[in-house]
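Here's the letter readout for the chains.
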Amino acid sequence: MMRRLHTSRRFCGSLLALALGAALPGAASAQSGSRPAAPAAAPAAPSNVPAPSERFVDGIAAVVNKDVITMREVREASAQASADLKKRGIQVPPTADLERQVLQRLIYERLERGEADRLGIRVDNAQVDQAINMVAARNKMTPVQLRGEVEKSGIPWDQYRKSLQDEIRMDRLRQRTIDSNIVISDAEVDAFLRDQEHNPASMMNAPAQAQQAPQAPQPAPQAQTQAGPVQIALAQILVRVPEGASSDEVATLRKKAEGLLARVKRGDDFASVAAASSDGPEALQGGVMGARPLDGWPDLFVKAVASVPAGQVSGLVQSGNGFHILKVLQRAGGGAPAPAPQQQAQQPAPQQAPQAPRDAGLAKQGPVQVTQTHARHILIKTSTVMSDEQARQRLEQIYQRLVNGSVKFEDMARQYSQDATAPQGGDLGWVNPGEMVPAFEAGMNALKDGQISHPVMSPFGWHLIQVVERRQHDVADEMQRMRARQILYERRAGPAFEDWMEQLRSQAYIDNRLEKRERLEQNNR
């Protein structure tokens, strides 16, 4: 699927974090989280990796498949994580705890990177330049001004570009592995809209971040009464329960979670406890998960915090992932006061820019006339056996045959396209503005009716695009359904990615020597 609906939200958010100087090397890995090792027996060690050293004298922190994470990498990333926590006003955990959290993040970064290599997902300098131009334009800066702001925040420009490159690559990996597998049926959309009609108080915005280019960071808002749909910002401390854990293990982990809950209930700083002890992907951000409409959060979370005021924490919440402790950072909309979360208030903002208006909600609006495009495409995906250049050249050859008039576009799509639309001759139907990923939409919009593009690259691979015709159309109903579909998608995307990562980890060889060293030291005390 090429619809923008399946564009990951992580990329946009991380771009802004990088621009603020809040990103660490391998920004994408922060989204994957820090997780305990899987309880199942690890696969056999690859033959060409160093032998484990229980005394930890070789300077290796962990081995992930055929890749090595050194203690130097862990210490450097820990120093940067420590600086970031201080900027956020969060107490830095003890060195051992911080290194444990950072190493878990680096392990998941290596797993994601290895899978991207296996699938042949690459990002070149031109794509990084394009992303930088997009971030700069959204922040109403030139690329030179953006570079100045990044360097002013303390991040070397080369490091920013490398982090951005990694983030784009990981976003493409998520799109390839997760987004295309999440299918929201028309029946589910119908049921959701009926539920919203029966519960008008719960009507709220679809998550807009996935449908907008990155924006300039905003100054921390002052407490004020917000009208409109209810939004809530949450932070969490997660004690993860491994799949297949015994009843005794679950009881032990519950006891640990109850101890952490007792600490924050008696006044310990929530963000500091999260940074030191949470198994959640956002641990080193103080547990902050962000702000969403209520419909954007799992029902379990919504029920748990229904009567929890801003600044307070929930009781223990058990899910399939483990035990959660939730803190309500902010409530906005519905006449509720909207104080800024402490962590957000402490983020520096390099430049002010007006926020784009958010959707008015799921309630159907009046007529909305837009120009729709009826388009077809041929997709060639990149992989270990199909490089970017090979995919582009193959499509260039098909393009020459098409413009010579010797073949029909739909026949070539059926024969060569690797998209789900291939049996329909690559037909995408009527496409609304903003519905496709940016690179694809830009290539499509540059065409006149009947024209065929040269090869166009997107996160999904390389495309030939044909514009069949255009029309003016009222899309009020489609927009309402698209917002509903986006909400339903967001509910599934996070759990689906976590499940995929857990599966990836369970199939990998991971030798966490830092963890072994800690256990050895504890046994010797």
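Residues numbered from 1 in each chain as written. Predicted model: local features only at pLDDT ≥ 70, side-chain atom pairs only at ≥ 80, totals over all residues. Heavy atoms only, no water.

Q: Honestly, the overall build of the chain in this entry has me stumped. Any pointers?
A: Per the secondary structure count, the chain includes 17 helices and 11 strands. Across the 525 residues of the chain, 50% fall into the buried class. Taking the contacts inside the chain whose residues are at least 6 apart along the sequence as the reference set, 78% of them involve residues at least 24 apart. Total accessible area computed for the chain in this model is approximately 23,600 Å², and 50% of it derives from carbon and sulfur atoms. (Helix = DSSP H or I, 4+ residues; strand = E, 2+ residues; numbered from the N terminus. Buried < 20%, exposed > 50% of the residue type's maximum accessible area, 1.4 Å probe, protein only. Contact = heavy atoms within 4.5 Å. Areas by Shrake-Rupley, 256 points an atom, 1.4 Å probe, with all protein chains shown as cover.)

Q: Where do I start with the sheet that holds strand β3 (residues 231-240) in this structure?
A: What holds strands together in a sheet is hydrogen bonding between their backbones, with the strands either parallel or antiparallel. Taking strand neighbours across the sheet as the criterion, the four strands line up as β4-β3-β6-β5 in an open arrangement whose pairing is antiparallel. Each edge of the open sheet is held by one strand with a lone partner, namely β4 (288-293) and β5 (313-318). Mean inter-strand twist for the sheet, computed between neighbouring axes without regard to direction, equals 30°. Here helix α9 (residues 247-265) sits on the sheet in contact with β3, β5 and β6 (322-332), set at roughly 175° to β5. (Pairing = 2+ DSSP bridges. Axes fitted to C-alpha atoms, helices over the stretch in contact; angles between N-to-C directions.)

Q: What am I meant to see in helix α7 (residues 157-177) here?
A: Helical geometry note: an α-helix holds 3.6 residues per turn, so side chains three or four residues apart project in the same direction. The terminal C-alpha atoms of α7 lie 30 Å apart, and with 21 residues this matches the ideal 30 Å at 1.5 Å per residue to within 8%. Extensive coverage of α7 is indicated by the burial of 17 of its 21 residues. (Expected span 1.5 Å × (residues − 1).)

Q: In this structure, what is going on with the nonpolar core? I would like to understand it.
A: A general tendency of soluble globular proteins is for nonpolar side chains to be buried together. Counting residues in each nonpolar core, the largest one holds 43 residues, and the members touching the most others are Ile69, Val102, Leu103, Ile107, Leu111, Trp500 and Met501. Of all elements in the fold, only β1 (60-64), α3 (71-87), α4 (95-118), α7, α8 (186-198), α10 (270-277) and α16 (476-506) reach the threshold of two or more residues within this core. Looking at which element gives the most residues to this core, the answer is α16, with nine residues. Counting residues in each nonpolar core, the second largest holds 18 residues, with Ala233, Ile237, Val241 and Phe323 among its members. (Core = buried A, V, L, I, M, F, W, Y, C linked by side-chain atoms within 4.5 Å.)

Q: For this particular structure, what's the right way to read the sheet that holds strand β10 (residues 461-474)?
A: An order of β8-β7-β10-β9 is seen for the four strands of this open sheet, with the pairing classed as antiparallel. Here the strands that pair on one side only, and so sit at the sheet edges, are β8 (427-431) and β9 (456-458). Neighbour-to-neighbour, the strand axes of the sheet open up by a mean angle of 40°, direction not taken into account. With 12 bridges connecting them, strand β7 (residues 369-380) and β10 associate as antiparallel partners. Bridge pairing links Thr371 to Gln472 in β10.

Q: How should α3 be read in this particular structure?
A: Taking 1.5 Å as the rise per residue, α3 with 17 residues should run 24 Å; its terminal C-alpha atoms sit 24 Å apart, in good agreement. Along α3, the positions that sit buried rather than exposed are Met71, Val74, Ala77, Ser78, Ala81, Ser82, Asp84 and Leu85. Projected down its long axis, α3 shows its buried positions confined to an angular sector of 165°, all on one face. In α3, those exposed residues whose orientation departs by more than 90 degrees from the buried face are Arg72 and Lys86. Tucked into the core, α3 has its buried residues touching β1, β2 (67-70), α4, α10 and α17 (513-524). Two residues or fewer past α3, Gly89 is found with a positive phi of approximately 75°. (Arc of directions from axis to C-beta.)

Q: Could you clarify how one ought to interpret the pairing of β3 in this entry?
A: Remark: a regular strand shows side chains that alternate across the two faces of the sheet. In terms of burial, β3 is a largely internal element, 10 of the 10 residues being buried. Neither face of β3 is open: one carries Gln231, Ala233, Ala235, Ile237 and Val239, the other Ile232, Leu234, Gln236, Leu238 and Arg240, and all of them are buried. Pairing analysis gives five bridges linking β3 to β4, with the strands arranged antiparallel. For Gln231, the partnering residue across the bridge sits in β4 and is Pro293. In terms of strand pairing, β3 meets β6 through 10 bridges, oriented antiparallel. The partner of Ala233 across the bridge, within β6, is Gln330.

Q: I'm lost on the packing of aromatic side chains in this one. Help?
A: One pass over the structure, following the stated rule, counts one aromatic pair. Positioned above the aromatic ring of Trp297 is the side chain of Arg292, whose terminal nitrogen or guanidinium carbon lies 4.1 Å from the ring centre. Here the guanidinium or amino end of Arg471 rests over the ring plane of Trp430, the centre of that ring lying 4.0 Å away. (Phe/Tyr/Trp six-rings, centres within 6.5 Å; stacked < 30°, edge-to-face > 60°. Lys NZ or Arg CZ within 6 Å of the ring centre and 35° of its normal.)

Q: Would you explain the pattern of salt bridges in this entry?
A: Should their charged atoms come close, side chains of opposite charge can pair. A full pass over the atoms with the stated rule returns 26 salt bridges. The partner of Glu109 in a salt bridge is Arg110, and the shortest N-O contact between them spans 3.9 Å. Take Arg110: its relative accessible area is 9%, and that puts it in the buried class. Residue Asp117 is joined to Arg169 by a salt bridge in which the shortest nitrogen-to-oxygen separation is 2.0 Å. A residue pair is termed long-range when its members are at least 10 positions apart, and Asp117 in helix α4 and Arg169 in helix α7 qualify at 52 residues. Judged by relative accessible area, which is 14%, Arg169 ranks as buried. Each of Asp67, Glu73, Glu109, Arg110 and Arg113 takes part in one network of salt bridges that share partners. (Salt bridge = Lys/Arg side-chain N within 4 Å of Asp/Glu carboxyl O.)

Q: Even after reading the chapter, I still don't get the packing of α8 against α16, so can you show me in this structure?
A: Two quantities define a packed helix pair, namely the angle between the axes and the distance from one axis to the other. Orientation of α8 relative to α16, taken along the N-to-C sense of each, is 100°, at an axis distance of 9 Å. Judged by the inter-axis angle, α8 sits roughly perpendicular to α16. Residue-level contacts link Asp186, Glu188, Val189, Asp190, Phe192 and Leu193 of α8 to Gln480, Arg481, Ala484, Arg485, Ile487, Leu488, Arg491 and Arg492 of α16. Its residues assigned to classes, the contact of α8 with α16 comprises six nonpolar, one polar and seven charged. (Parallel < 35°, antiparallel > 145°, perpendicular 65-115°, else oblique. Nonpolar A, V, L, I, M, F, W, Y, C, P; charged D, E, K, R; others polar.)

Q: Looking at this model, I keep getting lost on the pairing of β5. Mind explaining?
A: Pairing between β5 and β6: four bridges, direction antiparallel. Pairing of Gln318 across the sheet is with Phe323, part of β6. Between the end of β5 and the start of β6, which pair antiparallel, lie three residues.

Q: How should I be thinking about unusual backbone geometry in this particular structure?
A: Leaving glycine out, the prevailing phi sign among residues is negative, and the prevailing peptide bond configuration is trans. The phi dihedral of Asn65 falls on the positive side, at around 55°, and the residue is not glycine. For Asn65, a relative accessible area of 32% puts it in the partly exposed group. For Lys140, which is not glycine, the phi torsion reads 55° and is therefore positive. If you trace the backbone, Lys140 turns up in the loop between α5 (125-138) and α6 (143-152). For Lys140, a relative accessible area of 54% translates into the label exposed.

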